[in-house]
Every structure is written in C-alpha cells, then in structure tokens.
Amino acid sequence: MTTTEDSAVSSPPRAAIAARNLRIDNWRRGPILTVLGITAWVAYATFRVFYQGDYWVADYHYLTPFYSPCVSEGCVPDAAHFGRFLPDHPLLPYAALSLPFLLAFRLTCYYYRKAYYRSFWLSPPACAVPDGHAKYTGETRFPLIVQNFHRYFFYAAFLISVINTWDAVLAMHSPDGFGLGMGNLVLWANVVLLWCYTLGCHSCRHVMGGRLKHFSKHPVRYRFWTVSSALNARHMMWAWITLASLALTDFYVMAVAAGWITDLRFVG
Ligand code: FES
C-alpha cells in the first residue's frame, strides 16, 4: 500500500510483468529524433562559437546571436556594444558572458529535461517503458538538484533576450544611416521567437502569476500570466523552433559576413 510518505523516488517498483513493455507503437522514434536533432545542433553551435570569425557584418551591423554580447578583446570594436573586457583566447568564446547562462537555461528547461532524460539517458525512454537504469534518484541530489536553479537562469536569459532585441534595433543600419534588409527580417524573426520561448517558460509563468490569492486584484499580472500560459502550452514547439532560428540566423550572418551571399536590401 502506498503511504503518504512515498514519493516518485521512493515508491514501490513496477508490477512484475514479464514483457519488457507492452507498447506496440513506434515509441523509439521520438527519442531517436531528439538525439539526432540535439546532437546536430550542438555540433554546429560548438563549431560556430569557437570559430571566432564571420560573426559581424560591418556595413549593416548584423551581429549573430552566438556572439552577443561580444565582450572579448578580440571582438570588432563596433560589434562590442557593451565593451571588450574578456581576454582574447581561442578557447574562450567571444560571448563567454552570456553563453553559459543560455546553456544552463536550456539544460534546466522543463521541456529539455524531459527530452534528454528520455533520449540520452533513457530515464525512462518513453511512457510505460522501463527505465534504462536500475536505480532512480530523481533530481534529489547533485548534480541534478541544480535543475532547481532554473528560475535564476530564466532571469539571466530574460536579460540576454533584451540584449538580442537591442542588437536587432542597432542592426537597422546602412553605411548611409538607417537601413533595412533581409538580415533585419531574419534577426527580428529570431528575436520574436526567442521571446515566445523565454516568456513561455514555466518559471516566467510563475513569476507573472504565482503566489497570488486573487487574480481579480492583480489585473496586470493576470494579463501577463495569461499570455505566458498561452505560450507555455506550446513550449516544446518554441524550444525546437528557437534552436532552428538561432542556427539559421547565425548561418545567415555568417554567409553575408563571409561574402557567400549578398544581403537583399530594401532600404539603404
Ligand atoms: Fe523551458 Fe523555463 S521551462 S525555459
């Protein structure tokens, strides 16, 4: 019998069923696609972050999000909107101030946790499929207890989204002053999608509407909570779309910066 002290970590094991599992659908598909998608993205992002080139288009002030804010002494001065104070070293990304927080934000995200626990760690690989490990300790001890810091990484990611937005504003530039090109549409689309992901965060939702007894007494917070909740309902979708938009935005800036393509200009 289950007592009130039982938890997901200490509850009795599953019923003794001889079959490994009783699922007849293709439950492996999800975890396999997740492994392929995340592995490809991490490989591309790692290459770009340490490449330290083709991250800035001087004529139009396009800065790739993988290098924002650019705070290394190796950054092009015009691209360093917040100063250059970190040493220039091949193993130190130009955006070394923001990338660790963004990585931590995604790693501790409720959706990504589900995704990599299932696909990389097989814990468990799918609903009603046994855990790939004999022992299950949940998130009760180091290092997984760090997942509980997600709210603080959200604050950092919020700030970085503001910086990305500022980058997009500064990129409305041409050698003659104001400018608008395809790169601006790409940068703005990425920023809007990043906000959809960030504001739909479970922690954001709690910041907006948590610990309130009466929504009627807090109409503004209620409004924000409603928006956050609507975005939250599609959090997995935003998580994947923003991985794609980040990589595509970076690739576009790299392609223009390297001279592989010319930016389509509408103004300037
Ligand atoms: Fe996914 Fe916070 S829960 S970003």
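Residues numbered from 1 in each chain as written. Predicted model: local features only at pLDDT ≥ 70, side-chain atom pairs only at ≥ 80, totals over all residues. Heavy atoms only, no water.

### Brief notes about helix H6 (residues 202-209)
Now for step 1: Buried residues of H6: Ser203, Cys204, Met208 and Gly209, and no others.
Now for step 2: Buried positions along H6 lie against helix H4 (150-170), helix H5 (182-199) and helix H7 (219-232). (Buried < 20%, exposed > 50% of the residue type's maximum accessible area, 1.4 Å probe, protein only. Helix = DSSP H or I, 4+ residues; strand = E, 2+ residues; numbered from the N terminus. Contact = heavy atoms within 4.5 Å.)

### A word on the pattern of salt bridges
Now for step 1: Within the structure shown, the criterion is met by four salt bridges.
Now for step 2: We note a salt bridge from Asp25 to Arg23, for which the minimum N-O separation is 2.6 Å.
Now for step 3: For the salt bridge of Arg265 with Asp263, the shortest nitrogen-to-oxygen distance reads 2.8 Å. Both residues of the pair, Arg265 and Asp263, belong to the buried class. (Salt bridge = Lys/Arg side-chain N within 4 Å of Asp/Glu carboxyl O.)

### Focus on unusual backbone geometry
Negative phi characterises most residues that are not glycine, and trans characterises most peptide bonds.
Now for step 1: With an omega of -15°, the peptide bond between Ser123 and Pro124 qualifies as cis.
Now for step 2: Examined against the element boundaries, Pro124 turns out to sit in the loop between helix H3 (110-119) and H4.
Now for step 3: Cis geometry marks the peptide bond from Phe142 to Pro143, where omega comes out at 5°.
Now for step 4: In this structure, Pro143 sits in the loop between H3 and H4.

### Structural notes on the state of the cysteines
Now for step 1: Overall, the coordinates contain one disulfide when judged by the stated rule.
Now for step 2: Each sulfur of the disulfide joining Cys70 and Cys75 lies 2.2 Å from the other. Here the S-S torsion is close to -90°, and the disulfide linking Cys70 with Cys75 is therefore left-handed. The two residues Cys70 and Cys75 agree in class, both being buried.
Now for step 3: With no disulfide of its own, Cys204 lies 6.4 Å from the sulfur of Cys201, the closest cysteine sulfur.
Now for step 4: On the basis of relative accessible area, Cys204 is assigned to the buried category, the value being 0%. (Disulfide = S-S within 2.5 Å.)

### Details of the layout of surface pockets
Unoccupied space between atoms shows up once a probe the size of one water molecule is rolled over them.
Now for step 1: Here the largest pocket defines a volume of roughly 760 Å³.
Now for step 2: Sorting the residues of the lining of the largest pocket by element identifies helix H1 (29-51), helix H2 (99-107), H3, H4, H5 and helix H8 (235-257) as the ones contributing at least two each.
Now for step 3: A per-class count over the lining of the largest pocket returns 25 nonpolar, four polar and one charged. (1 Å grid on protein atoms, 1.4 Å probe; cavity = no way out; pocket = protein on both sides within 12 Å on 5 of 7 lines; lining within 4 Å. Points joined across faces, edges and corners; volume = space filled by probe spheres on them. Nonpolar A, V, L, I, M, F, W, Y, C, P; charged D, E, K, R; others polar.)

### Description of H3
Now for step 1: For H3, a buried count of seven out of ten residues is recorded, marking the element as mostly surrounded by other parts of the structure.
Now for step 2: Residues of H3 that are buried: Tyr111, Tyr112, Arg113, Ala115, Tyr116, Tyr117 and Ser119.
Now for step 3: Looking at the buried side of H3, the elements it contacts are H1, H2, H4, H5 and H8.

### A short note on the UniProt feature "transmembrane region" (unreviewed entry) in the chain
Now for step 1: Here, UniProt's "transmembrane region" (unreviewed entry) annotation points to residues 30-51, 91-112, 152-173, 185-204 and 238-261.
Now for step 2: Between the end C-alpha atoms of residues 91-112 the distance is 26 Å, and the span holds 55% helix and 0% strand.
Now for step 3: Annotated as residues 185-204, this span is 90% helix and 0% strand, and its ends, taken at the C-alpha atoms, are 27 Å apart. (UniProt positions renumbered as here; feature names shortened; annotations may be inferred.)

### Brief notes about empty space enclosed by the protein
Now for step 1: Enumeration according to the criterion identifies one cavity of 30 Å³ or more in this entry.
Now for step 2: Quantified by volume, the largest cavity comes out at close to 60 Å³.
Now for step 3: Taken together, Leu63, Thr64, Pro65, Asn164, Asp167, Ala168, Leu187, Asn190 and Val191 form the lining of the largest cavity.
Now for step 4: Contributing elements (two or more residues each) for the lining of the largest cavity: H4 and H5.
Now for step 5: Of the residues assigned to the lining of the largest cavity, the class counts are five nonpolar, three polar and one charged.

### Section: the packing of aromatic side chains
Now for step 1: Applying the stated criterion to the full structure yields 21 aromatic pairs.
Now for step 2: Ring geometry for Phe215 against Tyr222: centres 4.9 Å apart, planes inclined by 55°, an arrangement best described as tilted.
Now for step 3: Phe215 sits in the partly exposed class, given a relative accessible area of 30%.
Now for step 4: Classification of Tyr222 by relative accessible area gives partly exposed; the value is 36%.
Now for step 5: Site record: aromatic cluster; members linked through ring pairs are Phe105, Tyr111, Tyr112, Phe149, Tyr152, Phe154, Tyr155, Phe158, Trp195 and Tyr197.
Now for step 6: The ring of Tyr197 has Arg106 lying over it, and the distance from NZ or CZ to the ring centre is 4.1 Å.
Now for step 7: Sitting over the ring of Tyr60, Arg265 keeps its end group 3.7 Å from the ring centre. (Phe/Tyr/Trp six-rings, centres within 6.5 Å; stacked < 30°, edge-to-face > 60°. Lys NZ or Arg CZ within 6 Å of the ring centre and 35° of its normal.)

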